[in-house]
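# Report on the structure
Read off the chains here:
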Amino acid sequence: MSRGMPSMTALLGLLAIAGYQNRDKLAEMLKGAGGGGSSGAQPGGLLGNLGGMLGGAGVGGLLSGGINELLERFNQNGHGETAQSWINSGPNKDISPPQLKQAIGPDVLERLEQQTGLSQEELLARLSRELPTAVDKYTPDGRLPAA
């Protein structure tokens, strides 16, 4: 299943690399990566790899698909209640790096490590810190973003 869930993997990779604070810049970069033109401003390297995983899905598709895939994966691995707390109104439940590793699975974590060049420990530390806030922000009123 390591090739499945590309939107979730791309979303997690982007959050791990640049963090939630740079989400607007990332959105602009991904819009450029999804376009067919050659403006010379397209990201290469790390962000290019992650943008390429989207296959032109765009930022709306990344958010909608990524969060849906995240919920599915968390539910399958026993952490659905935690992820749902990030979407629902009310306090967000924290997730520790070991819990996050179990929730996303070793296949996704391995792919993120390959795509980002970050160690699994660094990925888990960054994502356990950024993911609850990011999902909460992108699901206002408890609804998933439109594609």
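Above this note sits the structure.
Quantities reported herein were computed from a predicted structural model and do not represent experimental measurements.

## Considerations on the overall build of the chain
Within the chain, the secondary structure is distributed over eight helices and zero strands. Buried residues in the chain amount to 45% of all 147 residues. In the chain, of all internal contacts separated by at least 6 residues, the share reaching a separation of at least 24 is 71%. Roughly 7,200 Å² of accessible area belongs to the chain as shown, and the carbon and sulfur atoms make up 48% of that amount.

## A closer look at the packing of aromatic side chains
Within this structure, the stated rule accounts for one aromatic pair. Ring centres of phenylalanine 74 and tryptophan 86 lie 5.6 Å apart, and the angle between their planes is 70 degrees; this geometry places the pair in the edge-to-face category. With phenylalanine 74 in helix 4 (residues 58-76) and tryptophan 86 in helix 5 (residues 80-87), the pair connects residues that are twelve residues apart, well separated along the chain. Both residues of the pair, phenylalanine 74 and tryptophan 86, count as buried.

## Notes on the pattern of salt bridges
Per the counting criterion, the structure on display carries four salt bridges. Here aspartate 107 and arginine 73 are joined by a salt bridge, their closest N and O atoms 2.9 Å apart. Linking aspartate 107 in helix 7 (residues 106-116) with arginine 73 in helix 4, this pair joins segments that are 34 residues apart in sequence. A salt bridge links glutamate 122 to arginine 126, with the shortest nitrogen-to-oxygen separation between them at 2.6 Å. Note that glutamate 122 and arginine 126 are positioned in helix 8 (residues 120-138) at a spacing of four residues, about one turn of the helix.

## Some words on the packing of helix 7 against helix 8
For the pair helix 7 and helix 8, the least separation of the axes is 9 Å and the interaxial angle reads 105 degrees. The angle between helix 7 and helix 8 falls in the class roughly perpendicular. Judged by residue contacts, Leu109, Glu110, Leu112, Glu113 and Thr116 of helix 7 engage Gln120, Leu123, Leu124 and Leu127 from helix 8.

## Describing the environment of asparagine 75
With respect to the helices, strands and loops of the structure, asparagine 75 is situated in helix 4. Here the alpha-carbon distance between asparagine 75 and isoleucine 104, two residues 29 residues apart in the chain, equals 9.9 Å.

Definitions and limits used
Residues numbered from 1 in each chain as written. Predicted model: local features only at pLDDT ≥ 70, side-chain atom pairs only at ≥ 80, totals over all residues. Heavy atoms only, no water. Helix = DSSP H or I, 4+ residues; strand = E, 2+ residues; numbered from the N terminus. Buried < 20%, exposed > 50% of the residue type's maximum accessible area, 1.4 Å probe, protein only. Contact = heavy atoms within 4.5 Å. Areas by Shrake-Rupley, 256 points an atom, 1.4 Å probe, with all protein chains shown as cover. Phe/Tyr/Trp six-rings, centres within 6.5 Å; stacked < 30°, edge-to-face > 60°. Salt bridge = Lys/Arg side-chain N within 4 Å of Asp/Glu carboxyl O. Axes fitted to C-alpha atoms, helices over the stretch in contact; angles between N-to-C directions. Parallel < 35°, antiparallel > 145°, perpendicular 65-115°, else oblique.

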